[in-house]
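In case you want the letters, here they are:
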There are 2 protein chains.
Amino acid sequence: MKQIELQQDILGHNNSIGDENRDLFNRKGIFVLNLMSSPGAGKTTLLERTIELLKDNFAIGVIEGDIATSYDAERIGAHGVEVTQINTGGACHLDSSMIKKVLTNFELDRLDMLIIENVGNLVCPAEFFLGEDAKAVILSVTEGEDKPLKYPLIFRLAKALVINKVDLLPYLDCSVTRIIGDATSLNPALTIFETSCTTKTGLNDWRKWLEGEISKKKKNRTRP
Amino acid sequence: MKQIELQQDILGHNNSIGDENRDLFNRKGIFVLNLMSSPGAGKTTLLERTIELLKDNFAIGVIEGDIATSYDAERIGAHGVEVTQINTGGACHLDSSMIKKVLTNFELDRLDMLIIENVGNLVCPAEFFLGEDAKAVILSVTEGEDKPLKYPLIFRLAKALVINKVDLLPYLDCSVTRIIGDATSLNPALTIFETSCTTKTGLNDWRKWLEGEISKKKKNRTRP
């Protein structure tokens, strides 16, 4: 019982700072995406392709969450967008206070979209609301078709599912149909993309979805 | 400060039950392996191949750790070994008390090896000692060459690193040389295997290593 109460306490505290972050994003009209996946599902590469597709029309900021190293922030920084690295120093997920602390690094008045690349982990990040408008989960087909039912929470909470590395399907025993069936049984409202950053498959649909979300957020901006 | 003390408390409690488990395994002469990786790196398939290679000569037990579902236990059970499923119901790792609770399901007097397949997560499971003799981390080449430095703890603590799915290397931009270089810079004592369960590459070396560990453990068995 004690353990449960403690966890509720941690999550409750996290949610209230998440709400503060969200209020700020709403006032500024910034669409905020929390990008989550297992290690190596392709978050950073998808993010690089996304920036290339959108940066001429939108001002994009990126927060990179990693346990150690700043490799990802260096990769993203090379694309000419504002990027801040958070090293969690062991912690398995980002939380809302880590996000709050680094927001001063960004010129929020000019940003259209802030993408938060979470720590590579299909479990813990899902529990921590950061203030985002949407969570997107990336699942690489190399991870296998059984993952939605084995890691249900992240698929239940996500607004978008990106089934990635589909160029490798000919060499794998993995059914995209089963992934989609299981994921939508958990979450019928999921928007699903099938992508490959190697062959550029599906990136246009992903770009259009993001553009739609950015423009919705701009329209619904809360004025002070 | 409070958070750090609490964590030490949790880990300290976990370690002492882990020590109890270890004492029991030592008395019984059972080699215990804690198998860890990201989701979808190939733990269960490697385990199936391992059982096929060893079950005629050794009595093997398996504990399957998953957040939800019993798919993996069903796959393992089909190979005719003793298997117990632990569903963590959300928790991102196994701990030593979960292991202690299910040990009564096994005939420990006849077991030579117990393999614990941890929850798919490259972060949290590394922190929790279960009573095992060795941790093995599996890294799929589809996850990318940068993972050892980005998730250093698990590579520091492992006795063996299995670089898996090497049959997919021709279709990927991933340097096994860099994985090995970075992993051994973190942990020079690592024993490293390069495997594919599809082409059966490297499985014989893996089998020989396990046979060696099982026989060392039998020899060092502590008598009551």
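The present account deals with the structure reproduced in this document. (Residues numbered from 1 in each chain as written. Chains lettered and ligands numbered in written order. Predicted model: local features only at pLDDT ≥ 70, side-chain atom pairs only at ≥ 80, totals over all residues. Heavy atoms only, no water.)

## Some details on the interface of chain A and chain B
Counting residues at the interface gives 33 residues for chain A, matched by 33 residues for chain B. Summed over both sides, the interface between chain A and chain B buries roughly 2500 Å², with carbon and sulfur atoms accounting for 62% of that surface. The tally of links between chain A and chain B comes to four salt bridges. Among the ionic pairs, B:Lys150 bridges to A:Asp66, the shortest N-O distance being 3.4 Å. The interface formed by chain A and chain B holds nine residue pairs in polar contact (both at pLDDT 80 or more) in total. For the side of chain A that touches chain B, the secondary structure elements donating two or more residues are α3 (71-77) and α5 (147-150) of chain A. Class assignment for the residues of the side of chain A that touches chain B results in 16 nonpolar, seven polar and 10 charged. (Contact = heavy atoms within 4.5 Å. Buried area = accessible area lost by both parts, 1.4 Å probe. Salt bridge = Lys/Arg side-chain N within 4 Å of Asp/Glu carboxyl O. Polar contact = N/O pair within 3.5 Å; in protein donor to acceptor, adjacent residues only side chain to side chain. Helix = DSSP H or I, 4+ residues; strand = E, 2+ residues; numbered from the N terminus. Nonpolar A, V, L, I, M, F, W, Y, C, P; charged D, E, K, R; others polar.)

## What about the nonpolar core?
In terms of nonpolar packing, the biggest core is built from 50 residues, with A:Phe155, A:Leu161, B:Phe155 and B:Leu161 touching the most fellow members. Within the residue set of this core, elements represented by two or more residues are β5 (134-140), α6 (152-157), β6 (160-164) and α7 (176-186) of chain A together with β5 (134-140), α6 (152-157), β6 (160-164) and α7 (176-186) of chain B. Once residues lying within four places of it in the same chain are set aside, the contact partners of A:Leu161 are A:Val137, A:Leu139, A:Phe155, A:Ile179, A:Ala183, A:Leu190, A:Thr191, A:Ile192 and A:Phe193. Core analysis: the next-biggest nonpolar cluster, separate from the first, contains 27 residues, B:Ile60, B:Met113, B:Ala160 and B:Trp209 among them. (Core = buried A, V, L, I, M, F, W, Y, C linked by side-chain atoms within 4.5 Å. Buried < 20%, exposed > 50% of the residue type's maximum accessible area, 1.4 Å probe, protein only.)

## A look at α7(A)
The α-helix winds at 3.6 residues per turn, so residues separated by three or four positions along the chain end up facing the same way. All names here are of chain A. Burial in α7 covers these residues: Val176, Ile179, Asp182, Ala183 and Leu186. One side of α7 carries all its buried residues, which in axial view fall inside an arc of 135°. Those residues of α7 that are exposed and angled more than 90 degrees off the buried face are Thr177 and Ser185. On its buried face, α7 sits against β5, α5, α6, β6 and β7 (191-194). (Arc of directions from axis to C-beta.)

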